[in-house]
Amino acid sequence: LGNDPGWRHTNWRNLRLEGIVFAAGTNNTLRITTPISWANVSIDHVIVSNADDLAAAQPHRVALGLSQAQRDQLTQYLLQIEGGVAAPQPTASPTPVPDTPTPTATTAPPLFTIGGSVRHAGSAGGVGGVSISLSGEASHQTSSAASGAYSFADLQAGNWTVHAAKSDPEPPGLSALDASWALQSSIGLRAFSPIQALACDVTGNGSVSALDASHILQRLVGARTSFTAATACGSDWLIAPGDSVSGGSGPVIGSGTCQPAEIAISLDHTVTNTDWQAAAFGDCTLSGGAAATTSSLSAPPRLRHSTRRARRYERIAFVVDGEMQAFDVTLEFDPKKLELVRVRKSAGLGKSLLHSGQPTPGEARIALATATPVEPGQGAILAAVFKRLDSDRTRRDRRSRRRSSGIEVVAATIDERAVDWD
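A brief structural summary. For clarity, every value in this text was computed on a predicted model and none was experimentally measured.

### Here's the deal with unusual backbone geometry
Each neighbour pair has its own omega, and for glycine 250 with proline 251 the value is 0 degrees, a cis peptide bond. Within the secondary structure, proline 251 sits in the loop between strand E7 (248-249) and strand E8 (252-254). In the Ramachandran plot, alanine 124 falls in the positive-phi region, its phi being about 65 degrees despite a non-glycine side chain. With respect to the secondary-structure elements, alanine 124 resides in the loop between strand E1 (111-120) and strand E2 (131-135). Here the phi dihedral of aspartate 154 falls at roughly 60 degrees; this positive angle occurs in a residue that is not glycine. The residue aspartate 154 is located in strand E4 (residues 149-156) in this model.

As structure tokens, this is what we get:
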């Protein structure tokens, strides 16, 4: 198109158009317009590139697409390979790193175990369900297994104290024989071991007396639900440190108060013999439910039942063939027909105690304890008298003096031995 000399042109610019394909061998028209009405557009010349030109220019096009920093790096590289001298580049100063102290290795403090077992003071068998508490650097709680074993692991060295207690609303082993042994101890006929004396002192007054025997019988017949000593100690079982345990103390019982036993340990190694001995309060025989003595009975007790001549009462008498010290019996009857009015023991029993109670309607429990054994041939040792409440009896019933009103013996023991009856 050329440059028209008759005009003065300014603000020349290079305009590159890409991606426009011209048809080979034909006329191609390129029209350039502007939306500005007053502008005068002139074209000095047009350069058309073919495929070879585009291929040769491709590296330069790539270089033009780089950032300025990338171009500078490319320039230095090209100068190096052509033998030129690259401009010196600033070297980053290293960032100072503060000195970090090397941690000093520390050794964890050693940990130890405290363990032991709870054994019955009589049978030496394991006692389970005993609450064991540990106090010292921290507080811990556990219970003895059925075997009596217990342990506390991962303990730091230091001073620790162990306590033990057992809640048991129906402790095993209580019987009239325990009351009998308490009577014998009170008059000097029987000597108790230290733990036996503590277990038998259910009143918590510091000695064994007939009052302890009375409280035991009351517990047996349902007239008493707990013992004073057990309440004071916070445990239905008397628990004391084992005989070979060092650091043990207590329990101290007296005047209705109790200082529970404890075992103090200065722990610097594992201790596995923190043992306890235990017996239920009131278990003077330390039987734990097993027979404390071998019964000398030649025959089971006999139950005699007769009707008094007044025909208003039923009387049950118990006769024991053989020597005995204690007797427990449970009766059942119809409370709509009968009322228990009294229980009497034989006058020939000597120093003895008798208690009876009715824990539920239609149930009577009777417990008898003697300080000295009852000899054979004593006859009736006790009798229970019931009043008949059904007044509308037939003539046939009134004539039958031996007719029973439904009194039944459901359980009987002599000297902690279950016996039969007839």
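That covers the picture; the talk isn't over yet.
### What about the packing of aromatic side chains?
Applying the stated criterion across every chain, the model contains three aromatic pairs. Here the aromatic rings of phenylalanine 318 and phenylalanine 327 are separated by 5.3 Å at their centres, their planes lie at 55 degrees, and the arrangement is tilted. Exposure remark for phenylalanine 327: the relative accessible area of 1% places this residue in the buried category. We note arginine 219 situated over the ring of phenylalanine 227; from NZ or CZ to the ring centre the distance is 5.0 Å.

### Considering the state of the cysteines
Going through the model one piece at a time under the given rule, you end up with two disulfides. Between the sulfur atoms of cysteine 200 and its disulfide partner cysteine 284 the distance amounts to 2.0 Å. Every disulfide takes its handedness from the sign of the S-S torsion; for cysteine 200 and cysteine 284 that torsion is 85 degrees, giving right-handed. Residue cysteine 200 is located in helix H4 (residues 194-200), and its partner cysteine 284 is located in the loop between strand E11 (276-280) and strand E12 (302-307); the two are separated by 84 residues in the primary sequence. Given the relative accessible area of 0%, cysteine 200 is considered buried. What makes cysteine 284 buried here is its relative accessible area of 0%. Note on cysteine connectivity: cysteine 233 is disulfide-linked to cysteine 258, with sulfurs 1.9 Å apart. Between cysteine 233 and cysteine 258 the sulfur-sulfur dihedral comes to about 100 degrees; the bridge is accordingly right-handed. Taken together, the residues span a long stretch of sequence, with cysteine 233 in helix H6 (residues 228-233) and cysteine 258 in strand E9 (residues 257-259) at a distance of 25 residues. Classification of cysteine 258 by relative accessible area gives buried; the value is 16%.

Reading guide: rules and limits
Residues numbered from 1 in each chain as written. Predicted model: local features only at pLDDT ≥ 70, side-chain atom pairs only at ≥ 80, totals over all residues. Heavy atoms only, no water. Helix = DSSP H or I, 4+ residues; strand = E, 2+ residues; numbered from the N terminus. Phe/Tyr/Trp six-rings, centres within 6.5 Å; stacked < 30°, edge-to-face > 60°. Buried < 20%, exposed > 50% of the residue type's maximum accessible area, 1.4 Å probe, protein only. Lys NZ or Arg CZ within 6 Å of the ring centre and 35° of its normal. Disulfide = S-S within 2.5 Å.

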